[in-house]
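Below, each chain spelled out in residue letters.
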Amino acid sequence: VDDEVATGGTGKASRHGLDDILQEFESWCSSVNLELSPKVVLSEDGLVDRYGLQAVENISEGEVLFSVPRDALLSSVTTSISQVLEKEAASLKSQSGWVALIVALMYEFTCPNSRWKPYLALCPEPDQLDLPMFWPEEERKRLLRGTGVPEAVHLDLENIELEFNSVVQPFLAAHPTLFDSKQHTLNLYKRMVAFVMAYSFQEPLEEEDEDEKDPNPPIMVPMADILNHVSNHNANLEFTKDCLKMISTRPIAKGEEVYNTYGDLANWQLLHMYGFVEPHPANNNDAAEIQMTTLYKAALQVFGESRKQLVEKKWKVLCEMLLVGEEGAFVIGREGVLTEEELYAALKVLCMSEDELEDYQENEGWEEDDAADESLTNEAIVELHPMWRTLLAESIRLTLAAYGPVQKEDEAMLADPVLSAKLSRRERYALNLRCGQTSILQNLLRLTE
Ligand code: SAM
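Residues numbered from 1 in each chain as written. Predicted model: local features only at pLDDT ≥ 70, side-chain atom pairs only at ≥ 80, totals over all residues. Heavy atoms only, no water.

## Quick word on the overall build of the chain
Where we set the bar: Helix numbering and strand numbering both begin at the N terminus, where a helix is a DSSP run of H or I of at least 4 residues and a strand a DSSP run of E of at least 2. Note on method: radius of gyration uses C-alpha positions; expected globular size equals 2.2 Å times residues raised to 0.38. Partly exposed residues are those whose accessible area sits between 20% and 50% of the maximum for their type, while under 20% is buried and over 50% is exposed, using a 1.4 Å probe and protein chains only. All accessible areas in this document rest on Shrake-Rupley with a 1.4 Å probe, and a residue is counted as covered only by the protein chains that are shown. Charge assignment: positive for Lys and Arg, negative for Asp and Glu; neither His nor the chain ends contribute. For charged residues, the charge sits on one atom: NZ in Lys, CZ in Arg, CG in Asp, CD in Glu.
Scanning the chain from terminus to terminus reveals 18 helices and 10 strands. The C-alpha radius of gyration of the chain comes to 25 Å, within 12% of the 22 Å expected for a compact globule of 449 residues. Taking the principal axes of the C-alpha coordinates as reference, the chain spans close to 85 × 55 × 45 Å. Scored against the burial criterion, the 449 residues of the chain give a buried share of 48%. In the form shown here, the chain has an accessible surface area of approximately 22700 Å², with 49% of it arising from carbon and sulfur atoms. For the chain, the separation between the mean place of its 38 positive charges and that of its 79 negative charges on side chains is 6 Å.

In structure tokens, the structure reads:
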């Protein structure tokens, strides 16, 4: 306490140089028996984003950095309104599976004596989180054209309003002692959706349940969610019976930031759900997509008017076999195609003769192909039948065209540190996202030519 400094009303403090919010959170963690290793500290300096965790001593692989007891988690089961949520579980069922947690968060967030108050004080304002769902539509469409993000956000916004109006609003209105319409609005709901999107965790199912059970609902894990993400991460969350443990996955040097992994996510997924991207080319998991319907359009172009009916028939067969669909996309990583089974089958069927198609239909997929033969790695793509490569190349050209005429300028901008320093955060993220995706597509195009 001796070295406490005056905050001057800035909210900045004091004992460890942490701001008040972080310091109250730290005390709360002790009060709920959340154990933090003395080798790490909460921090707000020199990190990739706002708050995070830093090593203050060298750490070896496999060390427990902190452990969170299960009763400190915030979920639809631990919240103080869990009984109401459980009683009305049927009416709170929704497509996303998130509604019960979001309603719990709306309640706890506005409850003056919530058990999680010091934790919820860390919930970012919409402008801090800056997910594309909060960007003006015009900016989203302009900066993210071709990337797939505007379409994904459009769908989210539609679903958010639908779930709020059809499920949440009636529930809130039926519980006027817990909720009031002035405070518990669609705007607060959206803020909590964003909080869940960017901060929640999902406990993996046991292996034997993977095919049968629905995924677990999301939960909030205090302290684990203060960690930032990079693809080259150094820690990972493990779920055990009594607690959740953050474990180092490789040595972490004193002074380094501790990074969790939010999953093997491409930059478009990071921007969509978390509001940031890794600078191109740092993201090892970066990927681009070719809409399945774009391959269909490419086939119509490549095979021409005379074979239009046959292409339509082939596409119908692929749709019926659930190998392709209107909304689906083929995913391309840096080392090759990630959705190999679907793209391989689509190229094969689209390039078949009519007789082969009949055989294929009769045998519901022909003979079992050897999985090794179905490879679409970069090495395998060069060896594909020329017609398959022509078809793939055309679908890549169509996909690249959707980004608009910005590709050359993008590359020049990214290569010029003075120019890119002038960009806003949104512009910088969008530029890195576009460059990552178009470079993957350009590379694949080269392999098909
Ligand atoms: N830093 C967050 C905070 O201060 O509350 C805690 C991590 S929270 C789980 C996830 C958010 O942190 C993301 O939505 C993004 O805003 C930010 N973030 C995480 N990793 C990042 C990174 N590598 N670069 C930039 N921002 C990052």
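## Some words on the site of the ligand
Put simply, the rule is: The rule for a residue being near a molecule or strand is that one of its heavy atoms must lie within 4 Å of it. Counting of polar contacts relies on pairs of N or O atoms within 3.5 Å, with two restrictions inside protein: one atom must be capable of donating a hydrogen and the other of accepting it, and residues adjacent in sequence are counted only when both atoms are side-chain atoms. Note on residue categories: nonpolar means Ala, Val, Leu, Ile, Met, Phe, Trp, Tyr, Cys or Pro, charged means Asp, Glu, Lys or Arg, and polar means any other residue, Gly included.
For the ligand, the set of nearby residues contains 16 residues, the closest of which are D49, Y199, N228, H229 and Y274. Between the ligand and R50, the relevant distance is 3.0 Å, taken from an oxygen atom to a side-chain nitrogen or oxygen of the residue. Measuring from an oxygen atom of the ligand, one finds a backbone N or O atom of Y274 at 2.6 Å. Bound to the protein, the ligand loses 94% of the 560 Å² it would expose on its own. Listing elements by their share of the shell around the ligand, those giving two or more residues are α8 (186–199) and β5 (228–229). Here the residues of the shell around the ligand are counted per class, giving 11 nonpolar, two polar and three charged.

## Quick word on helix α9 (residues 267–274)
Put simply, the rule is: The criterion used for residue contact is that any of the two residues' heavy atoms lie within 4.5 Å.
The buried fraction of α9 is high, at six of eight residues. Next to the buried residues of α9 lie α5 (126–129), α7 (149–173), α8, β5, β9 (287–291) and α18 (425–448).

## Comments concerning the sheet that holds strand β3 (residues 52–55)
The pairing of strands in a sheet happens through backbone hydrogen bonds and is either parallel or antiparallel. Where we set the bar: At least two DSSP bridges between two strands are required for those strands to pair.
Taken in spatial order, the four strands line up as β2-β3-β8-β5 in an open sheet, and their pairing is mixed. Two strands close off the open sheet at either side, each with one partner strand: β2 (40–43) and β5. Pairing of β5 with strand β8 (residues 257–260) involves two bridges; the strand directions are parallel. Residue pairing across strands places H229 opposite N260, the latter belonging to β8.

## Overview of the pattern of salt bridges
For the record, the criterion: Any carboxyl oxygen of Asp or Glu within 4 Å of a side-chain nitrogen of Lys or Arg constitutes a salt bridge here.
Within the structure shown, the criterion is met by 16 salt bridges. Between E203 and R70 there is a salt bridge, with its nearest N and O atoms 3.0 Å apart. Placement of the pair is E203 in the loop between α8 and β5 and R70 in the loop between β4 (64–69) and α2 (82–87), with a sequence separation of 133 residues. Take E203: its relative accessible area is 25%, and that puts it in the partly exposed class. For R70, a relative accessible area of 26% gives the class partly exposed. Between K241 and D242 there is a salt bridge, and its shortest N-O distance comes to 3.8 Å. For K241, a relative accessible area of 72% puts it in the exposed group. Each of the salt bridges in this network shares a partner with another, and the network as a whole consists of D130, E139, R425 and R426.

## Description of the environment of M321
Along the chain, the position of M321 falls in the loop between α11 (308–320) and β10 (329–333). The class of M321 is partly exposed, set by a relative accessible area of 33%. The spacing of M321 and Q361 is 40 residues in sequence and 9.7 Å in space, taken between C-alpha atoms.

## Re the packing of helix α10 (residues 292–303) against helix α15 (residues 386–401)
Operational definition: Orientation is described by lines fitted to C-alpha atoms, with helices fitted over the stretch in contact, and by angles between N-to-C directions that extend from 0 to 180 degrees. Angular relationships are summarised with four words: roughly parallel below 35 degrees, roughly antiparallel beyond 145, roughly perpendicular across 65 to 115, and oblique for the angles in between. Put simply, a crossing is left-handed when the front helix is turned counterclockwise from the back one by less than a right angle, and right-handed when it is turned clockwise.
Where α10 contacts α15, the axes come no closer than 8 Å and their chain directions differ by 120°. Taken as axis vectors, α10 and α15 run oblique relative to one another. Both α10 and α15 take part in a crossing whose hand is right-handed. Residues T294, L295, K297, A298, A299, Q301, V302 and F303 of α10 pack against M387, T390, L391, E394, S395, L398 and T399 of α15.

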